[in-house]
Amino acid sequence: MVGTDIQVAIQYLQQGELVAIPTETVYGLAANAFNADAVTKIYKAKNRPSFNPLIIHTNSLEKLKGWGLSLPEDMLKLAAHFSPGPLTYVIPKSERIPDIVTAGTDAVAVRIPQHQLTLQLLEQLDFPVAAPSANPSGFVSPTNAWHVSEQMGDKIAYILNGGSCEVGVESTIISFLESPPAILRHGGTSIEAIEAVIGKVTDKPGEASGRIVTDNPVAPGQLARHYATKHQLIHGDPKKYFNYFPPERIGIIAFSAIYGELPARNQVVLSHSRNLDEAAQNLFAAMRTIDTYDIDVILAEKFPDQGLGRAINDRLKRASVPEA
Ligand code: TXA
Ligand code: MG
């Protein structure tokens, strides 16, 4: 069922059912984080490996404290700027957080999402919701309610429809288990913006933060197969690959350029005005669209390695892993 009724969504969550929720990044597949049976349903519905922990979502720092979590000083500084927003904090877990949420590790990832419907929903809950992206494990994250319905509709009690996601890539994840704090995943909040608030961070996490487990593993073999797009995706300068495929069999994901050598119909431009925020917003929908074209390969440009460009390059690189 799909709709915009927060009360219906709340009832299902209270009953331990799965509800898809809109956020500014991507849609989440939510369950009561304090109900281990409900959280188990998330892993099942996504076919997600049980060793991959979940982010918990709530609407306030006070609630997090009430659940026994101590919030590091730098986290509080960042939260003042970026929460609600596309930033997730990894901090030591408390007793109150079930092991199934953290996949047995001592740390929990927390986020306050920026979306009016979902904030209203979270305000009315006395528990956090665990919510990974609402896609089957290994696929592209959903950025509208239809994406969710297409892939997961039969496994979810209710899809709360909050329109298209404004940021379009997942949250940035920062770990406070080491000093300086470590970026575990590039996402909707840029490193530049984070460093402007708390100074230098590292994007090479050490042992203390553990290894982030991704749906789309960097190295083939981490999971059996990668599914991000059905068609093979090559991430690099498209021109280098033009000679290997017939022009009409090539699909392009470009920042702003149209390649005159190829038919225009198979080319997707992410931002005509070369705006990286707009490009990130359009990325996942573009990957879904281009995958429906009658082509043999997707060639995706490398984006400038700054701001949201880092998150875009990261997602394209993961999608380009050859099948294991
Ligand atoms: O924007 C987002 O973060 C979206 C929306 C729905 O909030 N959520 C999302 O969740 O992207 P998911 O599960 O698709 O990706 C979360 C990532 C996973 O790669 C997981 O391994 C990592 O966060 N993660 C979760 N808990 C962690 C923890 N305690 N320590 C380290 N990494 C963690
Ligand atoms: Mg995901």
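Residues numbered from 1 in each chain as written. Chains lettered and ligands numbered in written order. Predicted model: local features only at pLDDT ≥ 70, side-chain atom pairs only at ≥ 80, totals over all residues. Heavy atoms only, no water.

Overview of the packing of helix α9 (residues 276-291) against helix α10 (residues 309-319)
Line of reasoning, step 1. The N-to-C vectors of α9 and α10 enclose an angle of 20°; their axes lie 9 Å apart at closest approach. In terms of axis orientation, α9 runs roughly parallel to α10. In this structure, α9 crosses over α10, and the sense of that crossing is left-handed. Across the interface between the two elements, L276, A279, A280, L283, F284 and M287 from α9 touch G309, I312, R315, L316 and A319 from α10. (Axes fitted to C-alpha atoms, helices over the stretch in contact; angles between N-to-C directions. Helix = DSSP H or I, 4+ residues; strand = E, 2+ residues; numbered from the N terminus. Parallel < 35°, antiparallel > 145°, perpendicular 65-115°, else oblique. Left-handed = near helix turned anticlockwise from the far one by under 90°. Contact = heavy atoms within 4.5 Å.)

Side note on the pairing of strand β5 (residues 87-92)
Line of reasoning, step 1. The buried count for β5 comes to 5 of 6 residues, which makes it a mostly enclosed element.
Line of reasoning, step 2. In this sheet, strand β9 (residues 172-175) lies alongside β5 in parallel orientation, the contact comprising 4 bridges. Opposite T88, over in β9, you have I173 as the bridge partner.
Line of reasoning, step 3. Where β5 lies against strand β6 (residues 107-111), 5 bridges are found, and the strand directions are antiparallel. Note that in β6 the partner of V90 across the bridge is A109. (Buried < 20%, exposed > 50% of the residue type's maximum accessible area, 1.4 Å probe, protein only. Pairing = 2+ DSSP bridges.)

Topic: the sheet that holds strand β4 (residues 55-57)
Line of reasoning, step 1. Pairing is mixed across the open sheet formed by 10 strands, whose spatial order is β1-β8-β2-β3-β7-β4-β6-β5-β9-β10. Unpaired on one side and paired on the other, β1 (2-3) and β10 (182-185) mark the two borders of the sheet.
Line of reasoning, step 2. The strands touched by helix α2 (residues 36-46) within the sheet are β3 (28-32) and β7 (129-130), with β3 carrying the most contacts at an inclination of about 155°.
Line of reasoning, step 3. Against the sheet, helix α8 (residues 191-198) makes contact with β5, β9 and β10, and its axis sits at roughly 35° relative to β9, the strand it touches most.

Some thoughts on the packing of aromatic side chains
Line of reasoning, step 1. By the definition in use, this model includes 5 aromatic pairs.
Line of reasoning, step 2. A centroid spacing of 5.4 Å and a plane angle of 85° characterise the contact between F34 and W67, whose relative ring orientation is edge-to-face. Note that F34 is positioned in the loop between β3 and α2 and W67 in the loop between α3 (61-66) and α4 (73-82), a separation of 33 residues in sequence. Grouping residues by exposure puts F34 and W67 together as buried.
Line of reasoning, step 3. Summarising the aromatic geometry, the rings of F242 and Y259 are spaced 5.7 Å apart at their centres and angled 85° between planes, so their arrangement reads as edge-to-face. On the criterion of sequence distance, the pair formed by F242 in the loop between β11 (232-235) and β12 (250-254) and Y259 in the loop between β12 and β13 (267-269) is long-range, its members being 17 residues apart. Each member of the pair, F242 as well as Y259, is classed as buried.
Line of reasoning, step 4. Taking NZ or CZ as reference, R96 lies 3.8 Å from the ring centre of F34, over its face. (Phe/Tyr/Trp six-rings, centres within 6.5 Å; stacked < 30°, edge-to-face > 60°. Lys NZ or Arg CZ within 6 Å of the ring centre and 35° of its normal.)

What is shown is where atoms sit, not what they do.
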